[in-house]
Amino acid sequence: MKALVYHGPGERAWESVPDPTITDPTDVVVKIDTTTICGTDLHILKGDVPEVRPGTILGHEAVGTVVAAGAAVTTVGEGDRVLVSCITSCGRCRFCKEAKYGLCTGGGGWIFGHLIDGVQADYARVPFADTSVYKVPEGLSDEQVLFLADILPTAFECGVLNGRVEPGDTVAVVGAGPIGLATIMTAKLFTPGRIVAIDLADARLAKALDFGADVAVNNGDEDAVARVMELTGDLGADVAVEAVGVPDTFELCAELIRPGGRLANVGVHGHPATLHLERLWIRDVLITTGLVDTATTPKLLRLVAEGRLDPTAFATHRFALDESMEAYDVFADAAATNALKVVLAAHPVHLEARRPAVAATA
Ligand SMILES: NC(=O)c1ccc[n+]([C@@H]2O[C@H](COP(=O)([O-])OP(=O)(O)OC[C@H]3O[C@@H](n4cnc5c(N)ncnc54)[C@H](O)[C@@H]3O)[C@@H](O)[C@H]2O)c1
Ligand SMILES: [Zn+2]
Ligand SMILES: [Zn+2]
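Criteria and thresholds
- Residues numbered from 1 in each chain as written.
- Chains lettered and ligands numbered in written order.
- Predicted model: local features only at pLDDT ≥ 70, side-chain atom pairs only at ≥ 80, totals over all residues.
- Heavy atoms only, no water.
- Helix = DSSP H or I, 4+ residues; strand = E, 2+ residues; numbered from the N terminus.
- Rg over C-alpha atoms; globule rule 2.2 N^0.38 Å.
- Buried < 20%, exposed > 50% of the residue type's maximum accessible area, 1.4 Å probe, protein only.
- Contact = heavy atoms within 4.5 Å.
- Areas by Shrake-Rupley, 256 points an atom, 1.4 Å probe, with all protein chains shown as cover.
- Lys, Arg positive; Asp, Glu negative; His and termini not counted.
- Charge placed at Lys NZ, Arg CZ, Asp CG, Glu CD.
- Donors = N, O, S within 2.8 Å, 3.2 Å for Na, K, Ca; no water.
- Tetrahedral: all angles 85-135°; square planar, octahedral: opposite > 155°, others 65-115°.
- Pairing = 2+ DSSP bridges.
- Axes fitted to C-alpha atoms, helices over the stretch in contact; angles between N-to-C directions.
- Near = heavy atom within 4 Å.
- Polar contact = N/O pair within 3.5 Å; in protein donor to acceptor, adjacent residues only side chain to side chain.
- Nonpolar A, V, L, I, M, F, W, Y, C, P; charged D, E, K, R; others polar.
- Right-handed = clockwise from strand over helix to strand, strands pointing away.
- Salt bridge = Lys/Arg side-chain N within 4 Å of Asp/Glu carboxyl O.
- Patch = residues over 30% accessible without salt bridge, like charges linked within 9 Å, V, L, I, M, F, W, Y side chains within 5 Å.

A. Quick look at the overall build of the chain. Tallying secondary structure elements over the chain gives 14 helices and 15 strands in all. For the chain, the C-alpha radius of gyration of 20 Å lies close to 21 Å, the compact-globule estimate for 362 residues. Taking the principal axes of the C-alpha coordinates as reference, the chain spans close to 60 × 50 × 40 Å. Per-residue burial for the chain yields a buried fraction of 52% across its 362 residues. Once local pairs closer than 6 in sequence are excluded, the contacts in the chain between residues at least 24 apart make up 70%. Summing over all exposed atoms, the chain offers an accessible surface of approximately 15200 Å²; the carbon and sulfur share of this is 53%. Side chains of the chain carry 29 positive and 48 negative charges; the gap between the two charge centres is 4 Å.

Given below as structure tokens:
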């Protein structure tokens, strides 16, 4: 088969590799129908995730069809369409029993395209299939469910649920990339009073308004704290979600929240940020961090099936799976291409609307 293989910092290739096989009885092998690229894949390519060994196939988000199942797999079988998620669950360790799958100590957690071969390939071996894949509800397209492999549960769990968004709340979302936009989309499930999107890029702020933000603030041009104070009678936001991953935006979020407010950090940080406890200790604030568990994926799938959630707008560009080298270039140059998520599809049927997705319908 062919796959997108990491060969060390800055090096990737779409090349021939051995077909995956069942190695444990709890495995399935999935034919990849649709996959996508994550900002984390770009971090790996920069060399920021040194655990990824050269030779590893990248990718941790896919919709596929089971083509082989190990002897111990009982809930999915050949021919089933499944969502392969960024998080794998052994189903047996302490953390999996508490639905904290991201913390799995039994061989799961974030493993695809990290510790084992990923899903940007013609086929993938999927461990712990019974407790890790999700059958795709009848009638849903790949693009309706693909983004539930990572960005939707990440934003919902680490942003909205950790931030305890409630009806009527003012929610500030700092960073309007795919994660911030997915935070806006899933925060709306709780009917907040007002969502304020904050970003340095006007194109991303325009997307934020499309995705349901009420106010867009470019914090390069304008003082975001002053704007949020003005909107909230000088109290601050009920919830601030950090969806960038740099010290400045974490510190901004801490300034944006009201006394008793919540700061939900979603961003992956590579550098220390300052926690101003000397100001915060008296303000009763809640600060949360976390890796996604994907424990809400079944709920999000039901919301998509019931027509309450439509993540298809994240798909801005489409490619064939064997054009993945080009797809990486487009995704990595989001400032110029306006890419949110690029869809890589094995089925030609998905390529009717060629890239960019919007041009095909214009
Ligand atoms: N916790 C988890 O489980 C988890 C999972 C997936 C991704 N993440 C992280 O979430 C973060 C966001 O992911 P993404 O894919 O949306 O990233 P992205 O890079 O596509 O988007 C980040 C956005 O932040 C904006 N930005 C940059 N600096 C800013 C600043 N100083 N002020 C305001 N806005 C600024 C950019 O313009 C961009 O629109 C990343 O750090 C990513 O690694 C976390
Ligand atoms: Zn990811
Ligand atoms: Zn586990």
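B. Looking closely at the coordination of the zinc ion (ligand 3). Bound to the zinc ion (ligand 3) are the protein donor atoms Cys90 (SG), Cys93 (SG), Cys96 (SG) and Cys104 (SG), situated 2.3 to 2.4 Å from the metal. Geometry at the zinc ion (ligand 3) is tetrahedral, judged from the four donor atoms that bind it and their angles of 104 to 117 degrees at the metal. Sequence positions of the donors to the zinc ion (ligand 3) reduce to the motif C-x2-C-x2-C-x7-C. Each member of the pair, Cys96 as well as Cys104, is classed as buried.

C. Representation of the sheet that holds strand β10 (residues 215-218). Ordered in space as β10-β9-β8-β11-β12-β13, the six strands form an open sheet in which the pairing is parallel. A strand with exactly one partner marks an edge of an open sheet, and here the two such strands are β10 and β13 (286-288). If you compare each strand with its neighbour and ignore which way they point, the axes differ by 15 degrees on average. Of the pairings in the sheet, the one linking strand β11 (residues 237-242) to strand β12 (residues 257-265) comprises five bridges and is parallel in character. Bridge pairing in β12 places Val241 opposite Ala264. Where helix α7 (residues 202-210) meets the sheet, its contacts fall on β9 (194-199) and β10, and the angle it forms with β10 comes to roughly 170 degrees.

D. Examining the site of ligand 1 more closely. The local shell around ligand 1 holds 22 residues, among which Ile179, Asp199, Val244, Val266 and Gly290 are the closest. Between ligand 1 and Pro178 there is a distance of 3.2 Å, counted from an oxygen atom to a backbone nitrogen or oxygen. For ligand 1, a nitrogen atom lies 3.0 Å from a polar atom in the backbone of Val266. For ligand 1, whose accessible area on its own is 870 Å², the fraction buried by protein is 80%. Split by residue class, the shell around ligand 1 holds 11 nonpolar, eight polar and three charged.

E. Main features of the pairing of strand β8 (residues 170-174). Counting buried residues in β8 gives five out of five residues, a clear majority hidden from the surface. Along β8, one buried face is formed by Thr170, Ala172 and Val174 and the opposite face, lined by Val171 and Val173, is buried too. The sheet contact formed by β8 and β9 spans five bridges and is parallel. Looking at the pairing, Val171 lines up with Ile195 of β9. Chirality of the crossover, the property in question, places the unit of β8, helix α6 (residues 178-187) and β9 among those that are right-handed. Bridge analysis of β8 against β11 gives four bridges, and the strand direction is parallel. Its bridge partner lying in β11, Ala172 is registered against Ala240.

F. Representation of the pattern of salt bridges. Within this structure, the stated rule accounts for 14 salt bridges. The partner of Glu61 in a salt bridge is Lys341, and the shortest N-O contact between them spans 2.9 Å. With Glu61 in the loop between α1 (39-46) and β4 (62-69) and Lys341 in strand β15 (residues 341-345), the pair connects residues that are 280 residues apart, well separated along the chain. By relative accessible area, which is 0% here, Glu61 ends up buried. On the basis of relative accessible area, Lys341 is assigned to the buried category, the value being 1%. Ionic pairing is found between Glu143 and Arg318, a salt bridge with its closest N-O pair at 2.7 Å. Within this pair, whereas Glu143 is found in helix α4 (residues 142-145), its partner Arg318 is found in strand β14 (residues 315-320), the two being separated by 175 residues in sequence.

G. Structural detail: a nonpolar patch on the surface. Together, Leu275, Leu277, Trp281, Ile282 and Ile287 make up an exposed nonpolar region whose accessible area comes to about 530 Å². With respect to the helices, strands and loops of the structure, Ile282 is situated in the loop between α10 (277-280) and β13.

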